[in-house]
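# Summary of the model geometry
What follows is the residue order along each chain.
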Amino acid sequence: MKLTPLADRVILKMVETEETTKGGIILTGSAKEKPSVAEVISVGPGGNVDGKDIVMTVKVGDKVITSQYAGTKVTLEDVEYVVVRQNDILAIVE
């Protein structure tokens, strides 16, 4: 199966990030607070959405930050994805 986003939707795959505390303890992504870092897997075509022209500014492979409760979670072939609107993306990580 393949997910193809429509309109201004973006498909993201959450990235597990590790962080080391001052005491040397490694925190995985699940132990930290959100916002979350994700990788863009697929991008919709944009176009006219709700009477406004939408130009897609993210591209496949970008690392982005989303808010904690943004989007809809979808599991496909044991991999969890999140489908969000482009305006739910807070920033691109460079």
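Criteria and cut-off values
- Residues numbered from 1 in each chain as written.
- Predicted model: local features only at pLDDT ≥ 70, side-chain atom pairs only at ≥ 80, totals over all residues.
- Heavy atoms only, no water.
- UniProt positions renumbered as here; feature names shortened; annotations may be inferred.
- Helix = DSSP H or I, 4+ residues; strand = E, 2+ residues; numbered from the N terminus.
- Core = buried A, V, L, I, M, F, W, Y, C linked by side-chain atoms within 4.5 Å.
- Buried < 20%, exposed > 50% of the residue type's maximum accessible area, 1.4 Å probe, protein only.
- Contact = heavy atoms within 4.5 Å.
- Pairing = 2+ DSSP bridges.
- Axes fitted to C-alpha atoms, helices over the stretch in contact; angles between N-to-C directions.

The chain carries the name Co-chaperonin GroES in an unreviewed UniProt entry, which gives Pusillibacter faecalis as its organism. The UniProt entry for the chain carries the following comment under Subunit (unreviewed entry): "Heptamer of 7 subunits arranged in a ring. Interacts with the chaperonin GroEL." Under the UniProt heading Subcellular location (unreviewed entry), the entry covering the chain gives this text: "Cytoplasm".

## Topic: unusual backbone geometry
Most peptide bonds adopt trans geometry, and most residues besides glycine take a negative phi value. The phi dihedral of Glu77 is positive, around 55 degrees, even though this residue is not glycine. Mapped onto the secondary structure, Glu77 falls in the loop between β8 (72-76) and β9 (79-85).

## Here's the deal with the nonpolar core
Core analysis: the largest hydrophobic core is formed by 11 residues, namely Val10, Leu12, Ala38, Val40, Met56, Val58, Val64, Ala70, Val82, Val84 and Ile89. Mapped by element, the contributors of at least two residues to this core are β1 (9-14), β4 (36-43) and β9. Each residue touching Val84, except ones within four places of it in the same chain, is listed here: Asp8, Arg9, Val10, Leu12, Ala70, Gly71 and Ile89.

## Topic: the sheet that holds β4
Pairing between sheet strands relies on hydrogen bonds along the backbone, with the strands arranged either parallel or antiparallel. What the 6 strands build is an open sheet, ordered β8-β9-β1-β4-β7-β10; its pairing is antiparallel. Of all strands in the sheet, those with a lone pairing partner are β8 and β10 (89-93), marking the two edges. Strand-to-strand twist in this sheet, taken as the mean axis angle between neighbours without regard to direction, amounts to 40 degrees. Of the pairings in the sheet, the one linking β1 to β9 comprises 5 bridges and is antiparallel in character. Bridged to Val10 within β9 is Val84.

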